[in-house]
Amino acid sequence: MSEPATLEIISDNISEDEVIFPPGDILSDEPPLESDLHREQIDLLIRILKLWWRERQDFYASGNLTIYYSPNQKKSEYFRGPDFFVVLGTQKKDRKSWVVWQEDGKYPNVIVEILSSSTTAVDKGLKKQVYQDTFRTPDYFWFDPVTMELQGFHLVDGKYQEIEVTTDGRLWSQQLELYLGVYEGKLRFFTTENELILSSEELAEQERLRAQQAEERVQQAEQEIARLREVLRTQGIDLENI
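The rules behind the values
Residues numbered from 1 in each chain as written. Predicted model: local features only at pLDDT ≥ 70, side-chain atom pairs only at ≥ 80, totals over all residues. Heavy atoms only, no water. Core = buried A, V, L, I, M, F, W, Y, C linked by side-chain atoms within 4.5 Å. Buried < 20%, exposed > 50% of the residue type's maximum accessible area, 1.4 Å probe, protein only. Helix = DSSP H or I, 4+ residues; strand = E, 2+ residues; numbered from the N terminus. Contact = heavy atoms within 4.5 Å. Pairing = 2+ DSSP bridges. Salt bridge = Lys/Arg side-chain N within 4 Å of Asp/Glu carboxyl O. Axes fitted to C-alpha atoms, helices over the stretch in contact; angles between N-to-C directions. Expected span 1.5 Å × (residues − 1). pLDDT = per-residue confidence, 0-100. Phe/Tyr/Trp six-rings, centres within 6.5 Å; stacked < 30°, edge-to-face > 60°. Lys NZ or Arg CZ within 6 Å of the ring centre and 35° of its normal.

Engineer: So what exactly am I meant to see when it comes to the nonpolar core here?
Structural biologist: Most often, soluble globular proteins have nonpolar side chains that are buried together. Ranked by size, the top nonpolar core spans 26 residues in total, and within it Leu-49, Phe-84, Val-86, Val-112, Leu-176 and Phe-189 carry the most contacts. Elements with a contribution of two residues or more to this core: α1 (36–52), β1 (59–62), β4 (84–88), β6 (110–114), β7 (139–143), β11 (178–183) and β12 (186–190). It is α1 that contributes the most residues to this core, 6 residues altogether. Those residues in contact with Leu-49 that lie beyond four places of it in its chain are Ala-61, Phe-84, Val-86, Leu-176, Leu-178 and Phe-189.

Engineer: What should I look at first to understand the pairing of β7 in this one?
Structural biologist: The two faces of a sheet get side chains in turn, since along a regular strand they alternate between them. Within β7, 5 of the 5 residues are buried, which leaves it mostly tucked inside the rest of the structure. Side chains of β7 alternate between two faces, with Asp-139, Phe-141 and Phe-143 and Tyr-140 and Trp-142 buried alike. Where β7 folds back on strand β8 (residues 150–156), the antiparallel hairpin that results is connected by 6 residues, among which Met-148 adopts a positive phi of roughly 70°.

Engineer: What's the story with the sheet that holds strand β5 (residues 98–99) in this structure? I'm lost.
Structural biologist: What holds strands together in a sheet is hydrogen bonding between their backbones, with the strands either parallel or antiparallel. Read from one edge to the other, the open sheet built from 3 strands follows the order β3-β2-β5, with strand pairing classed as mixed. Looking along the sheet, the strands with just one partner apiece sit at the ends: β3 (79–80) and β5. By the bridge criterion, 2 bridges tie strand β2 (residues 67–68) to β3 in an arrangement that is antiparallel. The partner of Ile-67 across the bridge, within β3, is Arg-80.

Engineer: Can you walk me through the pattern of salt bridges in this structure?
Structural biologist: Close approach of charged atoms allows side chains with opposite charge to pair. Applying the stated rule across the entire model yields 11 salt bridges. The partner of Arg-47 in a salt bridge is Glu-201, and the shortest N-O contact between them spans 3.2 Å. One end of the pair, Arg-47, is in helix α1; the other, Glu-201, is in helix α4 (residues 200–234), with 154 residues separating them in the sequence. With a shortest N-O distance of 3.0 Å, Lys-124 and Glu-149 are connected by a salt bridge. Of the two residues, Lys-124 sits in helix α2 (residues 120–124) while Glu-149 sits in the loop between β7 and β8, which places them 25 residues apart along the sequence. Judged by relative accessible area, which is 26%, Glu-149 ranks as partly exposed.

Engineer: How do you make sense of the sheet that holds β6 when you look at a structure like this?
Structural biologist: Pairing in this open sheet of 6 strands is mixed, and the strands run β1-β4-β6-β7-β8-β9 from one edge to the other. This sheet does not close on itself; its edge strands, each paired only once, are β1 and β9 (159–162). Each strand of the sheet is rotated relative to its neighbour by a mean of 15°, with strand direction disregarded. Bridge count for β8 against β9 is 4 bridges, and the pairing is antiparallel. Considered in β9, the bridge of Phe-153 is made with Glu-162.

Engineer: How should α1 be read in this particular structure?
Structural biologist: Along its 17 residues, α1 runs 24 Å from first to last C-alpha, staying within 8% of the 24 Å computed at 1.5 Å per residue. Along α1, the residues classified as buried are His-38, Gln-41, Ile-42, Leu-44, Leu-45, Ile-46, Ile-48 and Leu-49.

Engineer: What am I meant to see in the environment of Val-86 here?
Structural biologist: Structurally, Val-86 can be placed in strand β4. Judged by relative accessible area, Val-86 falls into the buried class, the value being 0%. The residues touching Val-86, leaving out its near neighbours within four places in the chain, are Leu-49, Trp-53, Tyr-60, Ala-61, Pro-108, Asn-109, Val-110 and Leu-176.

Engineer: For this particular structure, what's the right way to read the pairing of β8?
Structural biologist: With 6 of 7 residues buried, β8 lies mostly within the body of the structure. Here β8 folds back onto β9 in antiparallel fashion, the turn holding 2 residues, of which Asp-157 has a positive phi close to 55°.

Engineer: I tried to follow the confidence of the model for the protein on my own but got confused; where do I start?
Structural biologist: It should be kept in mind that the predicted coordinates are not to be read in detail where pLDDT is low. Of all residues in the protein, 82% have pLDDT values of 70 or greater, and the mean over the chain is 85. Scored below 50 in pLDDT, residues 2–23 shows 36 contacts in the model against residues more than four places distant or in partner chains.

Engineer: Looking at this model, I keep getting lost on the packing of aromatic side chains. Mind explaining?
Structural biologist: Each aromatic ring pair is characterised by the separation of its centres together with the angle its planes make. For the coordinates displayed, the defined rule picks out 17 aromatic pairs. Look at Tyr-69 and Tyr-78: their rings are 5.9 Å apart centre to centre, the planes differ by 35°, and that puts the pair in the tilted class. Taking the relative accessible area as the measure of exposure, Tyr-69 reaches 9% and is therefore buried. What links up through ring pairs into an aromatic cluster is the set Tyr-69, Tyr-78, Tyr-107, Tyr-131, Phe-135, Tyr-140, Trp-142, Phe-153 and Tyr-160. Above the plane of the ring of Phe-153 lies Lys-128, whose end atom (NZ or CZ) is 4.6 Å from the centre.

Here you go:
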């Protein structure tokens, strides 16, 4: 969510040619998130996608992490910090930031911005322009966790075209091959069959309920067997002698 710097201050005693480019391990420089809603939403998207793609090793998903993209390879020149982004066709590993010139020139394939009162104008204006013209990010979405506004764009011939909303109110991401939609006040992923992709907590709860239901069925079966044994006993039939 950081704003881009366009100039780098150089000491009077150091020439442009003597400026040392930043090392390969550049720290992210993003400010704290504005609210718990933003933090929880970003974290949810990251965790669910990583779980869904747990067998894949060819992507990087992160959020509120600085993307450095200076053509001069300078940390302080051009940078952005999308709330959530995914890069495809790259190595799956932890990073302290995304440095375009150290990542084979790759930019995010998907970006999601979580709107707030202080960022809405920039997310819908300047950032959209940067993601279209400089990043050339194929899929761009924004979501407002308060109003539930969800809108998406796909890059067509270098220009963003609005993604058509399905009858379920969801948006298709060609890059992720998943739908994005609102579920219980959160932005979530859905499969091509429109099934909600569950978080690890939801999967654990689902498994707990399945185990509980299986145990209840066993108990019901045992009670039914006991009832039938009693019926037969009253009719003078001893199962032990059959």
